[in-house]
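# Report on the structure
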Amino acid sequence: MAAIYHRVALIGLGLIASSMALAIRRRGLADEITGTARSADTRAAAVELGLCDRVYETAAEAVEGADLVVLCVPVGVMGAVAEEIAPRLAAGATLSDVGSVKQAVIAAVGPHVPEGVHFIPAHPLAGTEHSGPRAGFAELFENRWCLLVPPEGTPPEPVARLRELWEGMGAHVDTMDPAHHDLVLAVTSHAPHLIAYTMVGVADDLGRVTDSEVVKYSAAGFRDFTRIAASDPTMWRDVFLTNKAATLEILGRFTEELFALQRAIRTEDGAHLFDYFTRTRAIRRGIIEAGQDTDAPDFGRVKKAGD
Ligand code: NAP
């Protein structure tokens, strides 16, 4: 595939950036990749793994001459990083990010974007519970969605070019307005993570009482919660602090539904429970039909001897 950008600068070299670097390289989507990370360890790992053509100590150096700069740091530090790189951004360049929350990133980064630079926030809906430069893999974005959130008035050409990059990495691309993005993600990702964190926390308290039975007998449902609850604490702290309104809105609704189910159990209202679970099962079927998950039992996990 022909290169879409001449020089892509990745700021932050964790799971998302390292996956982007590997996918961009594999498909030849950029002539060169530069990058930077906060710690010397991560920078050294990026060199060792060959993620970038050049790894710099500072973000300001890494963005020099780049026609695409992607902020791949936690949402809470995007504004500070944007402020640091702003004077070094090339005229006509595109500045993007991969943050999980969009309104807060736009509010923090937007004021620093110089005239003549196109700011096109993005969010790939792909990830794992692992983080850091060694966690990345080129296939991470394949068949996943990437949402672009271009501010009103952004010219179509840089948006089309960024779309082409994400499609080149295997993603499906949609555009969305930032408030809607944050609400959708509160339902599909942020609230579920909080619920997983809570459930694992509750089980841990119980574990102290029952002397590790919680871990020993951990069955599929709980194991899946523990996987989600192993996600990066910095990233998720920032997600909740910056998508506060939408997350609280969804948690409010969640609490109401939970009380209704609690009441159905107490009053032995089996019809309510059955109808509710029938509805949720249909939602699962819809996700599989949309090709967003596998229909294989236990998410296709291979059974090990003794399982
Ligand atoms: P990650 O693997 O933890 O990597 C984060 C990177 O940001 C690292 O290079 C880290 O540097 C750097 N960093 C952390 N704190 C910093 C600070 N205070 N100042 C400067 N740099 C800092 O994270 P990730 O999973 O790639 O996530 C990156 C972004 O993508 C986040 O905004 C997240 O919301 C978003 N996102 C994540 C997922 C997911 O599932 N993981 C999915 C979609 C979008 P060091 O390594 O040197 O500490």
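Residues numbered from 1 in each chain as written. Predicted model: local features only at pLDDT ≥ 70, side-chain atom pairs only at ≥ 80, totals over all residues. Heavy atoms only, no water.

## A look at the sheet that holds strand β9 (residues 172-175)
Applicable threshold: Whether two strands pair comes down to DSSP finding at least two bridges between them. A run of H or I in DSSP becomes a helix once it reaches four residues, and a run of E becomes a strand once it reaches two; helices and strands are each numbered from the N terminus. Interaxial angle, 0 to 180 degrees, is taken between N-to-C directions of lines fitted to C-alpha atoms, where a helix line uses only the stretch in contact. For this analysis, residues touch if any pair of their heavy atoms sits within 4.5 Å.
Judged by pairing direction, the sheet is mixed, and its three strands sit side by side in the order β7-β8-β9 without closing on themselves. If you trace the sheet from one side to the other, it starts and ends with β7 (122-124) and β9, each paired once. This sheet shows a mean twist of 20° between the axes of neighbouring strands, independent of strand direction. Sheet analysis places β7 next to strand β8 (residues 145-148), joined by three bridges and oriented antiparallel. Bridge pairing in β8 places Pro124 opposite Cys146. In the packing of helix α6 (residues 156-168) onto the sheet, the strands contacted are β7, β8 and β9, and the crossing angle to β8 comes to about 165°.

## Here's the deal with the pairing of strand β1 (residues 5-11)
So the rule is basically this: For every residue, the accessible area obtained with a 1.4 Å probe (protein chains only) is divided by the maximum for its type, and the residue is called buried under 20%, exposed over 50%, and partly exposed between those limits. When the strands point away from the viewer and the path from the first strand over the helix to the second turns clockwise, the crossover is right-handed.
Most of β1 is tucked away: six of the seven residues are buried. Relative to strand β2 (residues 30-36), β1 is paired through six bridges, and the arrangement is parallel. Within β2, the position partnered with Tyr5 by the bridge is Ala30. With respect to chirality, the unit in which β1 leads through helix α1 (residues 15-27) into the neighbouring parallel β2 is right-handed. Direction of pairing for β1 relative to strand β4 (residues 68-71): parallel, over a ladder of four bridges. Looking across to β4, one finds that Ile11 is bridged to Leu71.

## A look at the site of the ligand
Selection rule: The criterion for a residue being near a molecule or strand is simple. One of its heavy atoms has to lie within 4 Å of it. Two N or O atoms form a polar contact when they lie within 3.5 Å of each other; inside protein one atom must be a possible hydrogen donor and the other a possible acceptor, and for residues adjacent in sequence the pair counts only when both atoms belong to side chains. In these tables, accessible area is a Shrake-Rupley quantity obtained with a 1.4 Å probe, and a residue counts as shielded only by the protein chains included in the view.
Neighbouring the ligand are 26 residues, the closest being Arg38, Ser39, Thr42, Val73 and Ser100. Taking Leu15, its main chain carries an N or O atom lying 2.8 Å from an oxygen atom of the ligand. At 2.9 Å, a backbone N or O of Ile16 approaches an oxygen atom of the ligand. For the ligand, the protein covers 84% of the area, taking 900 Å² as the surface of the free molecule. The set of elements that each furnish at least two residues to the shell around the ligand consists of α1 and β7.

## Let's talk about the side chain of Thr247
Here Thr247 shows up in helix α11 (residues 244-266). Polar contacts involving the side chain of Thr247 include one to the main-chain carbonyl oxygen of Asn243, which spans 2.6 Å.

## Notes on the domain arrangement of the protein chain
For clarity, the cut-off: Where each domain begins and ends follows an automated or database-derived domain assignment. As a working definition, buried area equals the accessible area (1.4 Å probe) given up by two parts on being put together, with both sides summed. Salt bridge, as used here: a side-chain nitrogen of Lys or Arg that lies within 4 Å of a carboxyl oxygen of Asp or Glu. Gly is placed with the polar residues, together with every amino acid not listed as nonpolar (Ala, Val, Leu, Ile, Met, Phe, Trp, Tyr, Cys and Pro) or charged (Asp, Glu, Lys and Arg).
Domains assigned within the protein chain are domain 1 (5-176) and domain 2 (180-289). On a C-alpha basis, the centres of domain 1 and domain 2 stand 30 Å from each other. For the pairing of domain 1 and domain 2, the buried interface totals around 1200 Å² over both sides, and the portion due to carbon and sulfur atoms is 66%. A salt bridge links Arg227 to Glu129, with the shortest nitrogen-to-oxygen separation between them at 3.2 Å. Linking domain 1 with domain 2 are six residue pairs in polar contact (both at pLDDT 80 or more), by the criterion used here. Looking at the side of domain 1 that touches domain 2, its residues break down into eight nonpolar, five polar and two charged.

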